[in-house]
There are 2 protein chains.
Amino acid sequence: MRLLKTSEYAIRVLSHMARNEAERYSVSSLHRALGIPYKYLGRLMRKLTKAGLVDAARGKTGGYVITRPPGSIHLIEIVEAVEGLEDFDHCILGFEACSSDQPCPLHDQWGVQRDSIRRMLEEASLEDLALKFEEESEASD
Amino acid sequence: MRLLKTSEYAIRVLSHMARNEAERYSVSSLHRALGIPYKYLGRLMRKLTKAGLVDAARGKTGGYVITRPPGSIHLIEIVEAVEGLEDFDHCILGFEACSSDQPCPLHDQWGVQRDSIRRMLEEASLEDLALKFEEESEASD
DNA sequence: TGGATATTCTACCTCCAGGTGGGAAATGAG
DNA sequence: CTCATTTCCCACCTGGAGGTAGAATATCCA
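Remember, it's a predicted structure, so these values are computed and weren't measured experimentally. (Residues numbered from 1 in each chain as written. Chains lettered and ligands numbered in written order. Predicted model: local features only at pLDDT ≥ 70, side-chain atom pairs only at ≥ 80, totals over all residues. Heavy atoms only, no water.)

Focus on the protein's contact with DNA strand D
Taken together, 26 residues form the shell around DNA strand D, and within it A:Arg58, B:Lys5, B:Thr6, B:Lys39 and B:Arg43 come nearest. When the atoms of DNA strand D within 4 Å of the protein are grouped by moiety, sugar and phosphate amount to 60% of the total. In this structure, A:Val27 approaches DNA strand D through a main-chain N or O atom, which is 2.9 Å from a phosphate oxygen. B:Arg58 is positioned with one of its side-chain polar atoms (N or O) 2.8 Å from a sugar or linking oxygen of DNA strand D. (Near = heavy atom within 4 Å. Polar contact = N/O pair within 3.5 Å; in protein donor to acceptor, adjacent residues only side chain to side chain.)

Below, the structure is given as structure tokens:
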């Protein structure tokens, strides 16, 4: 009952980048700021680039930038890009045929839970997260 | 956002066994009834034996039997025996320090979801599942 | 007593997430 | 031009989930 670690990483990276929308972040600066393993982070950023969430520039002044306004990027999109959403349609008891026609004993209950989680990820934007993080760092001053 | 396949297997096996509380089920009969890979199922049954959920008997009339009344065994116990409950205390954004004192942006929302799922698994017993399965097989007659 | 049927054990295998290492290729600064 | 900094691409390693193979051990029954 959790996201893949890579999805967690992706959300943390992007909400960090959302605090300065226009700034170019290098892998090494993100690594220093967030403590995510350097090499692994590089591969993750490439993945986010291919997914169109960030833009990459090589060379000395290169780095990554968010492609769209943070308010328009919701967590569900990040999760989808990194690990896909297949598991959100998965029966909690693993029955292939489970559906509203042929429901497993927990079908309805689990459906409510799953939709609720999905809605949470659909409604939370990077801007929301970035703002909350701002508040926290101000509070700790 | 799903249980391990092994937890799904375990729930299916045990709710099947719950339909005839006193019967001894061999691995091969469970394999035939449920389609779970034979050898893998053997290892799972050994695990459930060590967890105390079933009792094993060797030899010609041997097999497995549920140790306690199905109404007293809840899904959360099965999940705990197979995959543990660590992930149920895990921050949705993966922050180590995330707590009510130092909440991540989604801490409260995710807490509600997580507790709700946990409660579903705590309240559903093997007896409940077995009864529902009975209803289904009657309906398909 | 011996065979048939059952659990049990050890050892492997494949696949994927997570993580590491070495070097390419691109690009701006000096 | 040269060099440092960056992204990019390659191969590899580890651990765990899921799955398979073969034999050892225990028990009933004829």
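Moving on from the model shown.
Considerations on the pattern of salt bridges
Residue and element names in this part refer to chain A. In total, this model carries 10 salt bridges over all chains according to the counting rule given. Where glutamate 122 meets arginine 118, a salt bridge forms, and the shortest distance between an N and an O atom there is 3.6 Å. Taken as a pair, glutamate 122 and arginine 118 lie in helix α5 (residues 107-123) at a separation of four residues, close to a single helical turn. Accessibility expressed as a relative area gives 37% for glutamate 122, which makes it partly exposed. (Salt bridge = Lys/Arg side-chain N within 4 Å of Asp/Glu carboxyl O. Helix = DSSP H or I, 4+ residues; strand = E, 2+ residues; numbered from the N terminus. Buried < 20%, exposed > 50% of the residue type's maximum accessible area, 1.4 Å probe, protein only.)

Regarding the interface of chain A and chain B
Counting from both sides, the interface comprises 30 residues of chain A and, opposite them, 30 residues of chain B. Buried area between chain A and chain B, both sides added, is near 3200 Å², and the carbon and sulfur share of it is 68%. Interface area lost by chain A to chain B is led by A:Met1, A:Arg2 and A:Met120, which between them contribute 25%. Here chain A is connected to chain B by two salt bridges. (Contact = heavy atoms within 4.5 Å. Buried area = accessible area lost by both parts, 1.4 Å probe.)

A short note on the pairing of strand β1 (residues 54-57) of chain A
Bridge analysis of β1(A) against strand β2 (residues 63-66) of chain A gives four bridges, and the strand direction is antiparallel. Considered in β2(A), the bridge of A:Asp55 is made with A:Val65. (Pairing = 2+ DSSP bridges.)

Notes on the environment of B:Asp87
Along the polypeptide, B:Asp87 turns up in the loop between α4 (75-83) and α5 (107-123). Among the residues examined, B:Asp87 registers a relative accessible area of 27% and is labelled partly exposed. The spatial distance from the C-alpha of B:Asp87 to the C-alpha of B:Val65 is 29 Å, given a sequence separation of 22 residues. In this view, B:Asp87 contacts A:Met1 and A:Arg2; residues no more than four positions away in its chain are not counted.

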